[in-house]
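Reading the structure
The lines below spell out each chain.
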Amino acid sequence: MKSGFRIYDTHTHIGTAVHSGQTYTASDLLRDMDRAGVDRALAIPFPVVEDHRAAHDEIGRAVLAHPDRLAGAAYLPAFLAEARFREEVRRCVEQYGFRALKLQPQYQPVNVFFSRSDYIFETALEHGLTVVCHTGSGVPLSLPSLFMMPARKFPGLKLVLAHCGGTLLALEAVVAASFCPNIYLELSSILPHQVLTVLAHVEPSRLMIGSDLPENLDAEIGKILELSVPAETRAAILWDTACRVFNP
Ligand SMILES: [Zn+2]
């Protein structure tokens, strides 16, 4: 809780990132959450990990130990055999109660225009998981508009566009959300004036806060707290939308 608002950080990473060398443990995350006033967080493996099962286990143990503070997301390497992909997602759901599946098209060349990618979205639907898609860096496969295709093909699925397209592609994320009611926007990394543009077109019940990296946490929270918008709008972005999506 900060400034009277509960906070659900919908974009955090636990584990060791092979690409950046960064290690961030569950206790690091909980310590930073306590310091910054974050009530709950969605914990996701880093985009490049040595062992995805071990990354899921690390997050899963933390989720089981702190079910009121943490929810888990699965993330699997590109082109793992389909049966192994489905099996590992099932394990994460049954063993740890994970709530989301992350896509990192900037590191895994998943092309949503190939029906070969459908099983990823089918697996999420089957387990009631929300698909969180990185958008922004990694164009063209991480263009926000591409995710309109699975959003239309799987209308029962919820998709969250992480980073809202980033500073360069934020307006494209607004287009995607405007045309697809099952697309949600996670606002990390865009600027405050861009958040106001997003709010002019997309209802706050489809917007949520995220930090992505611990260094950004205070800035991301401050960005939303300081917006000149009604308190209900800030409450929706900081807490309500994420609870409805990840902890219904
Ligand atoms: Zn991330």
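A brief structural summary. Fair warning: this is a prediction, and the values are worked out from it, not measured in the lab. (Residues numbered from 1 in each chain as written. Predicted model: local features only at pLDDT ≥ 70, side-chain atom pairs only at ≥ 80, totals over all residues.)

1. Regarding the overall build of the protein
When helices and strands are counted, the protein shows 9 helices and 10 strands. For the protein, the C-alpha radius of gyration of 16 Å lies close to 18 Å, the compact-globule estimate for 248 residues. Taken along the three principal axes of its C-alpha coordinates, the protein extends 50 × 40 × 35 Å. (Helix = DSSP H or I, 4+ residues; strand = E, 2+ residues; numbered from the N terminus. Rg over C-alpha atoms; globule rule 2.2 N^0.38 Å.)

2. Let's talk about the sheet that holds strand S10 (residues 207-208)
Here 8 strands make up an open sheet; going across it, the order is S1-S4-S5-S6-S7-S8-S9-S10 and the pairing parallel. Of all the strands in the sheet, the pair left with one neighbour each is strand S1 (8-13) and S10. In this structure, strand S5 (residues 70-74) lies alongside strand S6 (residues 100-103), joined through 2 bridges in parallel fashion. What sits directly across from Ala74, in S6, is Leu101. Against the sheet, helix H3 (residues 82-96) touches S5 and S6, its axis set at about 165° to S5. (Pairing = 2+ DSSP bridges. Contact = placed C-beta atoms within 7 Å. Axes fitted to C-alpha atoms, helices over the stretch in contact; angles between N-to-C directions.)

3. So, unusual backbone geometry
A cis geometry characterises the amide bond from Val139 onward to Pro140, with omega recorded as 15°. Counting through the fold element by element, Pro140 comes out in the loop between strand S7 (130-134) and helix H5 (148-153). Of note, the phi angle at His163 is positive, near 70°, even though the residue is not glycine. Along the chain, His163 falls in the loop between strand S8 (159-162) and helix H6 (166-179). On the basis of neighbour count, His163 is assigned to the buried category, with 25 C-beta atoms found within 10 Å. (Buried ≥ 20, exposed ≤ 12 C-beta atoms within 10 Å, placed from the backbone.)

4. A word on helix H8 (residues 217-225)
For H8, the full list of buried residues reads Leu217, Glu220, Ile221, Lys223 and Ile224. With its buried residues spanning 155° around the axis, H8 presents them on a single face. Buried-residue contacts for H8 involve helix H1 (26-36), helix H7 (192-201) and helix H9 (231-246). (Arc of directions from axis to C-beta.)

5. A closer look at the nonpolar core
Judged by nonpolar contacts, the single largest core of 75 residues is most densely connected at Ala43, Ala73, Phe147 and Leu161. Leu161 has contacts with Cys133, Thr135, Pro144, Phe147, Ala173, Ala176, Ile183, Leu185 and Glu186, leaving out every residue within four places of it along the chain. (Core = buried A, V, L, I, M, F, W, Y, C linked by C-beta atoms within 7 Å.)

6. Let's talk about the pairing of S8
Burial along S8 is two-sided: the face carrying Leu159 and Leu161 and the face carrying Val160 and Ala162 are both buried. Bridge count between S7 and S8: 4 bridges; the pairing is parallel. Each residue of the ladder has a partner; that of Val131, found in S8, is Leu159. One crossover worth recording links S7 to the parallel S8 by way of H5, and it is right-handed. Remark: the S8/H6/strand S9 (residues 183-186) crossover connection has right-handed handedness. (Right-handed = clockwise from strand over helix to strand, strands pointing away.)

7. Focus on the packing of H6 against H7
Helix-helix packing: each pair is described by the crossing angle between the helix axes and the interaxial distance. Between H6 and H7, the shortest axis-to-axis distance is 10 Å and the interhelical angle comes to 15°. If you check the angle between H6 and H7, you find them roughly parallel. Here the hand of the crossing between H6 and H7 comes out right-handed. Contacts between H6 and H7 involve Thr167, Ala170, Val174 and Ser178 from the first element and Gln194, Val198 and His201 from the second. Residue composition of the contact of H6 with H7, by class: 3 nonpolar, 4 polar and no charged. (Parallel < 35°, antiparallel > 145°, perpendicular 65-115°, else oblique. Left-handed = near helix turned anticlockwise from the far one by under 90°. Nonpolar A, V, L, I, M, F, W, Y, C, P; charged D, E, K, R; others polar.)

8. A few points about helix H2 (residues 52-65)
Its 14 residues give H2 an end-to-end C-alpha distance of 20 Å, which sits within 8% of 20 Å, the value for a rise of 1.5 Å per residue. If you check which residues of H2 are buried, you get Ala55, His56, Glu58, Ile59, Gly60, Ala62 and Val63. Buried positions along H2 lie against strand S2 (15-16), H1, strand S4 (40-44), S5 and H3. (Expected span 1.5 Å × (residues − 1).)

9. Notes on the pairing of S7
Within S7, 5 of the 5 residues are buried, which leaves it mostly tucked inside the rest of the structure. Side chains Thr130, Val132 and His134 project from S7 onto one buried face, and the interleaved Val131 and Cys133 project onto a second face that is buried too. Bridge count for S6 against S7 is 4 bridges, and the pairing is parallel. Of the residues in S7, the one forming a bridge with Leu101 is Val131. Read as a crossover between parallel neighbours, the route from S6 over helix H4 (residues 118-126) to S7 is right-handed.

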